[in-house]
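Secondary and tertiary structure notes
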Amino acid sequence: MNKIVKDTLILFAITLVAGVLLGFVYKVTEGPIAEQNEKIKLAAYNALFDTLDSYEVLSDDVLSTAQNIVDSKYSGVTVDEIVTAMDSNGSLLGYIIGITDAEGYGGDISFSVGISIDGAITGLEILSISETAGLGMKAKEESFRSQYIGISEFPITYSKTGKSASNEIDALSGATITTKAITGGVNAAGSVYEYISSGQADDQTITLDSEAKGGDLDE
């Protein structure tokens, strides 16, 4: 057999086996990874509203319109989900808005922003981030995230020389790109809140998406 043909067949066989093995590993790990991500998200929900008892994910129609609004103002920001947060009496506490900003220094930064019914940020919880250790990764620290809490005036700005306004935060030292990405994402969440709370979404019927999960936080 021609050596070139033989080597080609051997390479093909190796590639085929490797592909099958990778597919098997993906199938085995897909479920546990999804379950872990769901646990992280539910923990974030609880952190954003300490009296949260149940939640509902809003419909794809509402999400699509919210994304269009965000696209008109911000680049690289995806609205992953919009969730209504309710207490044990079924009263609306506010909204949880899932955001992914693709313009972090290390790529995508995914986080959840809580905004109360009166328009004030209740918190920011990082879900996924791959920034530089000791610099951008400090965005996960409470000392940075807590700066957004209580702000109700959008857009939020950031300063490298010390905040001077109620809607301004201190940027992470040496991580301006990370700060910009997260602040941009939070501002996008603010735009989503303004859309939902204005009543514009009522025409699209705010209901559970047929494939979305909503439920108690005791799961």
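About the criteria used
- Residues numbered from 1 in each chain as written.
- Predicted model: local features only at pLDDT ≥ 70, side-chain atom pairs only at ≥ 80, totals over all residues.
- Heavy atoms only, no water.
- Salt bridge = Lys/Arg side-chain N within 4 Å of Asp/Glu carboxyl O.
- Helix = DSSP H or I, 4+ residues; strand = E, 2+ residues; numbered from the N terminus.
- Buried < 20%, exposed > 50% of the residue type's maximum accessible area, 1.4 Å probe, protein only.
- Core = buried A, V, L, I, M, F, W, Y, C linked by side-chain atoms within 4.5 Å.

1. Side note on the pattern of salt bridges
- Throughout the structure, instances matching the rule amount to two salt bridges.
- Close ionic contact of K41 with E81 constitutes a salt bridge, the shortest N to O distance being 3.4 Å. Linking K41 in helix α1 (residues 3-48) with E81 in strand β2 (residues 77-86), this pair joins segments that are 40 residues apart in sequence.
- With a shortest N-O distance of 3.1 Å, R145 and E125 are connected by a salt bridge. Residue R145 is found in helix α3 (residues 142-145), and its partner E125 is found in strand β5 (residues 121-128); the two are separated by 20 residues along the sequence.
- Residue R145 is classed as buried on the basis of its relative accessible area of 15%.

2. Regarding the nonpolar core
- Core analysis: the largest hydrophobic core is formed by 37 residues, its most contacted members being I82, I97, F111, I121, Y148, I182 and V186.
- Counting residues per element, the ones that place at least two in this core are α2 (60-71), β2, β3 (92-104), β4 (107-116), β5 and α4 (176-197).
- Judged by nonpolar contacts, the second largest core, of eleven residues, contains L42, V57, V83 and L93.

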